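Summary of structural features
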Amino acid sequence: MMPEVHDSPNTWVAAHIRRFEETGGRPRPGVHDLLLTTRGRRTGELRRTALVYERDGDRYVLAASNRGAEHHPAWYLNLLADPYVTVQVGTETFTARARTATVQERPRLWRLMVSASSEYAAYQQRITREIPVVVLERVDD
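The structure reproduced in this document is the subject of the present report. Please read these numbers as outputs of a predicted model, since none were measured by experiment.

What counts, and where the lines are drawn
- Residues numbered from 1 in each chain as written.
- Predicted model: local features only at pLDDT ≥ 70, side-chain atom pairs only at ≥ 80, totals over all residues.
- Heavy atoms only, no water.
- Phe/Tyr/Trp six-rings, centres within 6.5 Å; stacked < 30°, edge-to-face > 60°.
- Helix = DSSP H or I, 4+ residues; strand = E, 2+ residues; numbered from the N terminus.
- Buried < 20%, exposed > 50% of the residue type's maximum accessible area, 1.4 Å probe, protein only.
- Lys NZ or Arg CZ within 6 Å of the ring centre and 35° of its normal.
- Pairing = 2+ DSSP bridges.
- Axes fitted to C-alpha atoms, helices over the stretch in contact; angles between N-to-C directions.
- Contact = heavy atoms within 4.5 Å.

1. Overview of the packing of aromatic side chains
Per the stated rule, a full pass over the model turns up five aromatic pairs. Taking the centre distance of 5.3 Å and the plane angle of 65° together, the rings of Y53 and Y60 count as edge-to-face. Judged by centre distance (6.3 Å) and plane angle (75°), the ring pair of Y120 and Y123 falls under edge-to-face. Taken together, the residues Y120 and Y123, both in helix 4 (residues 119-126) and three residues apart, mark about one turn of the helix. Each of the two residues, Y120 as well as Y123, counts as buried. R67 extends its terminal NZ or CZ atom over the ring of W12, reaching a point 5.3 Å from the ring centre.

Next up, the structure:
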């Protein structure tokens, strides 16, 4: 029996997840979207959200922007507690290990994310926390 996965309680994100599933993983043409499933750090339940990504070779890169909020998104806090996540890109699903970009690699990966969406730069300018950049590396199942 597969464990139950709980979609984001955010109405917009939950609708985006449904569009992702209805369109075979292509809810917004021209935008790279993926579904990320983490294990809740307090509940142990599986939690799913939709995020924009960019590729860096074989790796997937995310920005933990939380749409410019002063606190980190729950999905980021969850992967800090358990870095093994499930990723769906298009119709492919795989296991990955998530980590925060190192100090050395963050500037280049941050520019990559800002090139994908200038909103990230605007978010960073209006908040005091540094938006973490997350690297997802596929693991063999």
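From this point, things continue past the structure.
2. Notes on the sheet that holds strand 4 (residues 54-56)
Taken in spatial order, the eight strands of this open sheet run 1-3-2-6-7-8-5-4, and their pairing is mixed. A single partner strand is all that each edge strand has here, and the edge strands are strand 1 (5-7) and strand 4. Across this sheet, the average inter-strand angle for adjacent strands is 35°, counted without regard to direction. Where strand 6 (residues 84-89) lies against strand 7 (residues 92-100), six bridges are found, and the strand directions are antiparallel. Paired with Y84 across the two strands is R97, which belongs to strand 7. Sheet contacts for helix 3 (residues 106-116): strand 3 (46-52), strand 4, strand 5 (59-63) and strand 8 (133-138); angle to strand 5, the most-contacted strand, approximately 75°.

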